[in-house]
Amino acid sequence: MVLALTVIGSVVLLVALGLFAFGLRRRVIQRSGGTFDCSLRWNVPEKGDTSGKGWGYGIARYSGDRIEWFRVFSYALRPRRVLERSAIEVAGRRAPEGEEELALLSDAIILACVHRGTRLELAMSEDALTGFLAWLEAAPPGQRVNVA
């Protein structure tokens, strides 16, 4: 009986520590400010895909002339993807369709982009989209920015 309680207590403690680590990691990422919730889909087919597959929920952070994207369900302190402002081309925007409505946050708007030849989609709230497009257009003089 004592062994069973010790094992159960250890499991509960490990789960609590894991959840605490998720929260602490998010705080560390957001500490510098300039973050927003953003889902990302990498290597999107040209014809489009509304199946809802391939989306990763994450946190994006402005870092100078880059956007750093972190997966929410990860312990890594390094970004999973880094997008340079000068290499982002906006191809269009749209509302979620089909199964995407279930895979994304309810108020999400999808922004189709190309980054160094790779097609990707970012899904974010209207407010985050306004800030993102303003950040893109605020590039220093001489930098090429393509916003559709």
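The rules behind these values
- Residues numbered from 1 in each chain as written.
- Predicted model: local features only at pLDDT ≥ 70, side-chain atom pairs only at ≥ 80, totals over all residues.
- Heavy atoms only, no water.
- Helix = DSSP H or I, 4+ residues; strand = E, 2+ residues; numbered from the N terminus.
- Rg over C-alpha atoms; globule rule 2.2 N^0.38 Å.
- Buried < 20%, exposed > 50% of the residue type's maximum accessible area, 1.4 Å probe, protein only.
- Salt bridge = Lys/Arg side-chain N within 4 Å of Asp/Glu carboxyl O.
- Pairing = 2+ DSSP bridges.
- Axes fitted to C-alpha atoms, helices over the stretch in contact; angles between N-to-C directions.
- Contact = heavy atoms within 4.5 Å.
- UniProt positions renumbered as here; feature names shortened; annotations may be inferred.
- Core = buried A, V, L, I, M, F, W, Y, C linked by side-chain atoms within 4.5 Å.
- Expected span 1.5 Å × (residues − 1).

1. Concerning the overall build of the protein
In terms of regular secondary structure, the protein is built from three helices and seven strands. Starting at the N terminus and ending at the C terminus, the protein contains elements arranged as α-β-β-β-β-β-α-β-β-α. For 148 residues, the compact-globule estimate of 2.2 N^0.38 gives 15 Å, and the C-alpha radius of gyration of the protein, at 19 Å, exceeds that figure by more than 25%. Seen along its three principal axes, the alpha-carbon backbone of the protein occupies a region of about 70 × 35 × 25 Å. Classification of the 148 residues of the protein by burial places 34% in the buried group.

2. Concerning the pattern of salt bridges
According to the stated counting rule, one finds eight salt bridges in the structure shown. In this structure, Glu121 engages Arg41 in a salt bridge whose closest nitrogen and oxygen atoms are separated by 2.6 Å. With Glu121 in strand β7 (residues 118-124) and Arg41 in strand β1 (residues 35-42), this pair connects stretches of sequence that are 80 residues apart. Of the two residues, Glu121 and Arg41, both sit in the buried class. Salt-bridge contacts for Arg61 lead to Glu68; the nearest nitrogen and oxygen are separated by 2.6 Å. Note on Glu68: relative accessible area 6%, which makes it buried. Among the ionic contacts, a cluster of salt bridges with common partners joins Arg41, Arg94, Glu100 and Glu121.

3. Describing the sheet that holds β7
Read across the open sheet, the seven strands follow the order β4-β3-β2-β1-β7-β6-β5; overall the sheet is antiparallel. The outermost strands of the open sheet, each flanked by one partner alone, are β4 (81-84) and β5 (88-94). In this sheet, adjacent strand axes meet at a mean angle of 35° when their direction is disregarded. Strand direction decides the pairing type here: β5 and strand β6 (residues 109-115), joined by six bridges, are antiparallel. Within β6, the residue paired with Ile88 across the bridge is His115. Helix α1 (residues 2-30) contacts β1, β2 (56-63) and β3 (66-71) of the sheet and is inclined by roughly 30° relative to β2.

4. A short note on the UniProt feature "transmembrane region" (unreviewed entry) in the protein
What UniProt calls "transmembrane region" (unreviewed entry) maps, in this numbering, to residues 6-24. Across residues 6-24, the secondary structure splits into 100% helix and 0% strand, with the terminal C-alpha atoms separated by 26 Å.

5. Examining the nonpolar core
Grouped together as the largest cluster of nonpolar side chains are 21 residues, with contacts concentrated most on Phe36, Leu122, Met124 and Phe132. Of all the secondary structure elements, the ones that give two or more residues to this core are β1, β3, β5, β6, β7 and α3 (126-137). For this core, the element with the highest residue contribution is α3, accounting for six residues. Leaving out residues up to four positions away in the same chain, Phe132 has contacts with Phe36, Tyr62, Ile67, Ile88, Leu111, Leu122 and Met124. Within the second largest apolar cluster, five residues are counted, among which are Leu104, Ala108, Ile110 and Ala123.

6. Description of α1
Along its 29 residues, α1 runs 42 Å from first to last C-alpha, staying within 8% of the 42 Å computed at 1.5 Å per residue. Three or more residues of α1 are buried, namely Gly18, Arg25 and Ile29. If you follow the buried residues of α1, they end up packed against β1, β2 and β3.

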